[in-house]
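# Secondary and tertiary structure notes
Residue-level listing of the chains:
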Amino acid sequence: MKQIETIKTGKNYSAVSVGKMDEIIEHVLPMGPNVTIKGKVFAGQAVGATGSELSFQTLVPGQDSGFLHTHKTHEELYIILKGEGQYQVDGEIFPVSEGTIVRVAPDGKRALKNTSSENLTMLCIQYKANAFGETDSPMTDGVILQDELKW
């Protein structure tokens, strides 16, 4: 079973590795007594994220996420990193492939299925819906510093 590896931590950062994308399938997520999901790993806690959760998951050919689900307060972004499949939200089904990004509101009934002959790997970013306001643009929040880069 693959484990998250801590690379480096400091006062204002932490870096971890979940491994190569082809190795995501080696992770096993315990969900409760006698319930595990092969090929899924949550990484937010490991990296110390305070405003979101993130997970990677690999579905083998023909596999689906196993159930529809919603959230109480969390919106999700699903980013397809590799492979092809179908995404279902509120009964609507549409194709997804490498580079596809799907945003789902908390109430959206969602599921993903691998419809190809190759593994499908995705990244899911989960965060509180409506947390950003009109003034929360990355263009206005970022501060460009004059410090010299040190490589």
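You'll find the structure just up there.
Conventions adopted
- Residues numbered from 1 in each chain as written.
- Predicted model: local features only at pLDDT ≥ 70, side-chain atom pairs only at ≥ 80, totals over all residues.
- Heavy atoms only, no water.
- Pairing = 2+ DSSP bridges.
- Helix = DSSP H or I, 4+ residues; strand = E, 2+ residues; numbered from the N terminus.
- Axes fitted to C-alpha atoms, helices over the stretch in contact; angles between N-to-C directions.
- Phe/Tyr/Trp six-rings, centres within 6.5 Å; stacked < 30°, edge-to-face > 60°.
- Salt bridge = Lys/Arg side-chain N within 4 Å of Asp/Glu carboxyl O.
- Buried < 20%, exposed > 50% of the residue type's maximum accessible area, 1.4 Å probe, protein only.

With antiparallel pairing, the 3 strands of this open sheet are ordered in space as E9-E8-E11. Since the sheet does not close on itself, it has two edges, and those belong to strand E9 (92-97) and strand E11 (110-114), each with one partner. Within this sheet the neighbouring strands show an average axis-to-axis angle of 25°, counted without direction. Inspection of the sheet shows strand E8 (residues 84-89) paired to E11 by 5 bridges, in the antiparallel sense. Bridged to Gly85 within E11 is Asn114.

If you walk through the whole model with that rule in mind, you get 2 aromatic pairs. Put simply, the rings of Tyr78, Tyr87 and Phe94 touch in pairs and so form one group of aromatic residues.

Our next topic: the pairing of strand E2 (residues 13-17). Sheet topology note: the strand E1 (residues 5-10)/E2 ladder contains 5 bridges and is antiparallel. Looking at the pairing, Glu5 lines up with Ser17 of E2. Adjacent in sequence and paired antiparallel, E1 and E2 are bridged by 2 residues.

What follows deals with the pattern of salt bridges. Under the counting rule described, the total for this entry stands at 4 salt bridges. In this structure, the salt-bridge partner of Lys2 is Glu23, at a minimum N-O distance of 3.2 Å. Of this pair, Lys2 sits in the segment before E1 while Glu23 is found in the loop between E2 and strand E3 (28-32), placing the two residues 21 residues apart along the sequence. A residue is classified by how much of its surface remains accessible, and Lys2, at 24% relative accessible area, is partly exposed. Here Arg103 and Glu75 are joined by a salt bridge, their closest N and O atoms 3.1 Å apart.

Glancing now at the sheet that holds strand E6 (residues 52-59). Taken together, the 5 strands give an open sheet; going across it, the order is E5-E6-E12-E7-E10, and neighbouring strands pair in antiparallel fashion. Each edge of the sheet is formed by a strand with only one pairing partner; in this case those strands are strand E5 (40-42) and strand E10 (101-104). Between one strand axis and the next, the sheet turns by 15° as a mean value, whatever way the strands run. Across 3 bridges, E5 lies against E6 in antiparallel orientation. Bridged to Val41 within E6 is Phe56.

Moving on to unusual backbone geometry. A positive phi is found at Asn34, a non-glycine position, where the angle reads about 60°. When its relative accessible area of 83% is taken as the criterion, Asn34 is described as exposed. One non-glycine residue, Asn130, adopts positive backbone phi at about 60°. Mapped onto the fold, Asn130 is located in the loop between strand E12 (120-128) and helix H2 (138-141).

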